[in-house]
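Structural overview
Here are the chains, one letter per residue:
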Amino acid sequence: MLSREATKKGDWTEERGFFESDGRPLYGAVYLARQPATRIAIFCNSFSENHCEGRAEAIAARIIAENGHSAFVYHPRAHGDSAGDLEDLTFENLIDDAVNAATYARSRSGASEIVWVGIRFGALVAAHAIRRMDGSKGLALWEPALNARDYLLKSMRHVIYYEMSLGERPSMTVEQISERLEREGRVSLLGFDLYRRFFESAEKADLLEALQPWRGPTFIAQFQQHSRLSRAHSQLRETLTGRGVNVRAVLHCGSDGTDPWWTPEEIARQTGGWLDELA
Amino acid sequence: MNWRETPAMLSRARAEQPVVFTGMKGALYGIFTPPAPDAPPARVCVVFPGRPRSGLRRRMVLAARILAGEGFAALRFDLRGRGESAGEVARPSRIEPLGEDVVAAIHYMREAHGQTRFLLAGYCYDALTALDSFKYEADAVAGVFVATPTVLAEKPGGSSGKRRARGAASRLRSMVRRAREPKILRTFESPFRELARSRARALFLYAEEDWLRDEFRVAQEVLFPQLDGDARERLEVEIWPGRIHTIEGQTVVVERAISWIREFHPRSGRHARDELQPIGQEP
């Protein structure tokens, strides 16, 4: 930890600071339960801009710590308060940071078991990191990206939706944005730049493929305002179940029509309850 | 502007300290970036209130490190209900800016880090929030960068989404409403007057094609003519072509904030000129 700030909050303690990953400082916050916990939840955040998800992580980590487990939230390189440039980033870097974060969090907390919480794109990162960390006990997937290419193309589509919401004609199609990325090495998306280097490093990442060896308990939380599990999430659940994985899938619809990411308390409690049940 | 991380920025990242301080609605979380020890000291602390503190494209993170590398202290923090900070998340309200959070940040930086002079910078609602703190801490603030906040008590004509959804009768009522004298927000006017009475400089930045430009035009017509000579000198206005109140616009706004804040460094030409120019004297 390069610099650390600790705050005691009732039954748990929060410690925020920076740790080293691949020679650069990354921001992290460890939430320590009052009693030393054997298990720590490591939150792998989504790619680039994730303002509402970032708040959801902080809230969820605190709820999990209140419930007697430790938790760790961190910003990978080129994200949030950490060092690093998006221009240099590769998918492998994100996995390295997740592994370094888990190693660090385990040393700070004394926990022996890791439960990964992968959020959107972070699900892909967690699914790859899990293979490199002994002691991975469980995997929670919050609105998981099923593959990186689709996720990034969807980010391009959001530019079109945004332009339409302003009453403008979309300036480019997804195909044209992809061509520009290929040609110029960078495209500007909503709130972040996507670089060809990252796109090419990540585009083959696939959640089910990465989870081929995984047989641990798995929790899928769908953050959508639908009353049923989406087709994609159903397929994910069925495929994992078919491999012998114990899967629990839950819906997080938000309350009163609000964006479910802004009201993460209930899903955090459910994730904590699932953590309690892990043998 | 090149936003690539330089060795100086990386060095400031290594020196950063997470901080927590008490706001009106609970703990507020931020990151303090100390000034580079080998840079000529600016003797002023830049405060970036944020939703969240990183800003879009992490521009506030990078701005804090760039400025700290040049001798400024910097604090970026999550306003209540955002990022790590306590409080209920709420839609930004033009009648409820969060100046008290900025005041809490100023108090904390004064007490815990010995900072005495502050520069505030905000974009959109965060700019209104920065301005709002003048009600309480005008004497401590050397300057405020105010990019494209709301000015009027009511958005002229309502939002475009609402406009589309309204019927003809409702539109007619709205036109009648629009014909009324536009009312300047109390939350804009009151701190604006405090700013005018203070010794602080300010830069108000808007863009011609943003709908907020129309709101600011009212402030230019009503409030700015009331300024005395000294305040007119201190309160600058820039109206850019195009739009800045967009997701893409924030980058150029933060670039301008950085260049404006640099003028407060004792080594800058502008600062030297201000030091020679007694407050209240016409140039």
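Per chain, the residues get numbers from 1 upward, laid out in the order the sequence is written. Labels follow written order: the first chain is A, the first ligand is 1, and so on. Local features are withheld for residues below a pLDDT of 70 in this predicted model, meaning they are given only at 70 or higher, and side-chain atom pairs are given and counted only at 80 or more; totals for whole chains, interfaces and linings count all residues.

Regarding the overall build of chain B
Selection rule: Helix and strand labels come from DSSP, where a helix needs a run of H or I of at least four residues and a strand needs a run of E of at least two; each type is numbered from the N terminus. Neighbour counting defines burial: a residue surrounded by 20 or more other C-beta atoms within 10 Å of its own C-beta is buried, one with 12 or fewer is exposed, and intermediate counts give partly exposed, using backbone-placed C-beta atoms. For every residue pair, C-beta atoms are placed from the backbone, and the pair is scored as a contact if these atoms sit within 7 Å.
Looking only at helices and strands, chain B features 12 helices and 8 strands. Residues counted as buried form 47% of the 283 residues belonging to chain B. Sequence-distant contacts, at least 24 apart, represent 77% of the contacts inside chain B between residues at least 6 apart.

Things to note about the sheet that holds strand β7 (residues 201–207) of chain B
All names here are of chain B. Going by this rule: When DSSP finds at least two bridges between two strands, those strands are taken to pair. Every axis in this analysis is a line fitted to C-alpha atoms, fitted for helices over the stretch in contact. Angles between the N-to-C directions lie between 0 and 180 degrees.
The strand order across the open sheet built from 8 strands is β1-β2-β4-β3-β5-β6-β7-β8, with neighbouring strands paired in mixed fashion. Lying at the two open borders of the sheet, with one neighbouring strand each, are β1 (17–23) and β8 (235–240). Each neighbouring strand pair of the sheet contributes to a mean axis angle of 20°, computed without reference to strand direction. Sheet topology places strand β3 (residues 45–50) next to strand β4 (residues 73–78); 6 bridges connect them, and they run parallel.

Some thoughts on the pairing of strand β4 (residues 39–44) of chain A
Residues and elements named next belong to chain A. How we decide: By definition, the crossover connecting two strands over a helix is right-handed if that path, from the first strand to the second, turns clockwise as seen with the strands pointing away from the viewer.
Burial analysis of β4 places 6 of its 6 residues in the buried class, which makes it a mostly covered element. Side-chain alternation along β4 places Arg-39, Ala-41 and Phe-43 on one buried face and Ile-40, Ile-42 and Cys-44 on a second face that is also buried. As judged from the 6 bridges shared by β4 and strand β6 (residues 113–119), these two strands associate in the parallel manner. Looking across to β6, one finds that Cys-44 is bridged to Gly-118. Here β4 runs beside strand β5 (residues 70–74); their pairing, made up of 4 bridges, is parallel. Opposite Ala-41, over in β5, you have Ala-71 as the bridge partner. Crossover handedness for the path β4 to helix α1 (residues 51–66) to β5: right-handed.

Here we look at the packing of α1 of chain A against helix α9 (residues 265–277) of chain A
Helix packing geometry: the angle between the two helix axes and the distance between the axes. Residues and elements named next belong to chain A. Here is the rule: Orientation labels follow simple angle bins: below 35 degrees gives roughly parallel, above 145 gives roughly antiparallel, 65 to 115 gives roughly perpendicular, and whatever is left gives oblique. Definitions for this section: a left-handed crossing has its near helix turned counterclockwise from the far helix by less than a right angle. A right-handed crossing has that turn clockwise. Polar here means any residue outside two lists: the nonpolar Ala, Val, Leu, Ile, Met, Phe, Trp, Tyr, Cys and Pro, and the charged Asp, Glu, Lys and Arg; Gly therefore counts as polar.
At a minimum axis distance of 9 Å, the contact between α1 and α9 shows a crossing angle of 40°. It follows that α1 is oblique to α9 by the angle criterion. Every pair of crossing elements has a handedness; the one defined by α1 and α9 is right-handed. Side by side, α1 and α9 meet where Ile-59, Ala-60, Ile-63 and Ile-64 of the first sit next to Glu-265, Ala-268, Arg-269, Thr-271, Gly-272 and Leu-275 of the second. Grouping the constituent residues of the contact of α1 with α9 by class yields 6 nonpolar, 2 polar and 2 charged.

Digging into the interface of chain B and chain A
Contacts between chain B and chain A engage 24 residues on the former and 26 residues on the latter. Elements with a contribution of two residues or more to the side of chain B that touches chain A: α1 (7–15) and β1 of chain B. Element by element, the count of residues in the side of chain B that touches chain A is highest for β1 of chain B, at 4 residues. Along the lines of polarity and charge, the residues of the side of chain B that touches chain A split into 11 nonpolar, 4 polar and 9 charged.

Description of the nonpolar core
Across soluble globular proteins, you tend to see nonpolar side chains buried next to one another. Quick note on the threshold: We define the nonpolar core as any set of buried residues of the types Ala, Val, Leu, Ile, Met, Phe, Trp, Tyr and Cys, connected via C-beta atoms lying within 7 Å of each other. What counts as a domain boundary in this text is fixed by an automatic or database domain assignment.
Ile-42 and Trp-116 of chain A are the most contacted members of the largest nonpolar core, which has 86 residues in total. No other element matches helix α2 (residues 91–109) of chain A, which puts 8 residues into this core. Counting residues domain by domain, this core receives three or more from each of domain 1 (4–147 + 207–277) and domain 2 (152–204) of chain A. When residues no more than four places from it in sequence are discounted, the contact partners of Trp-116 of chain A are Ile-42, Cys-44, Ala-126, Ala-129, Ile-130, Ser-136, Leu-139 and Ala-140 of chain A. Judged by nonpolar contacts, the second largest core, of 78 residues, contains Met-60, Phe-77, Val-102 and Ala-202 of chain B.

Points about the environment of Ala-232 of chain A
All names here are of chain A. Among the structural elements, Ala-232 can be located in helix α8 (residues 231–242). Here Ala-232 falls in the partly exposed class, since 14 other C-beta atoms lie within 10 Å of it. Ala-232 sits 86 residues away from Leu-146 along the chain, and the two C-alpha atoms are 8.0 Å apart.

A look at unusual backbone geometry
That bond from Arg-51 of chain B to Pro-52 of chain B is cis: its omega, 0°, falls within 30 degrees of zero. Inspection of the secondary structure puts Pro-52 of chain B in the loop between β3 and α2 (59–69). Even without glycine at this site, Glu-143 of chain A takes up a positive phi of about 45°.

All we've got here are geometric facts, nothing functional implied.
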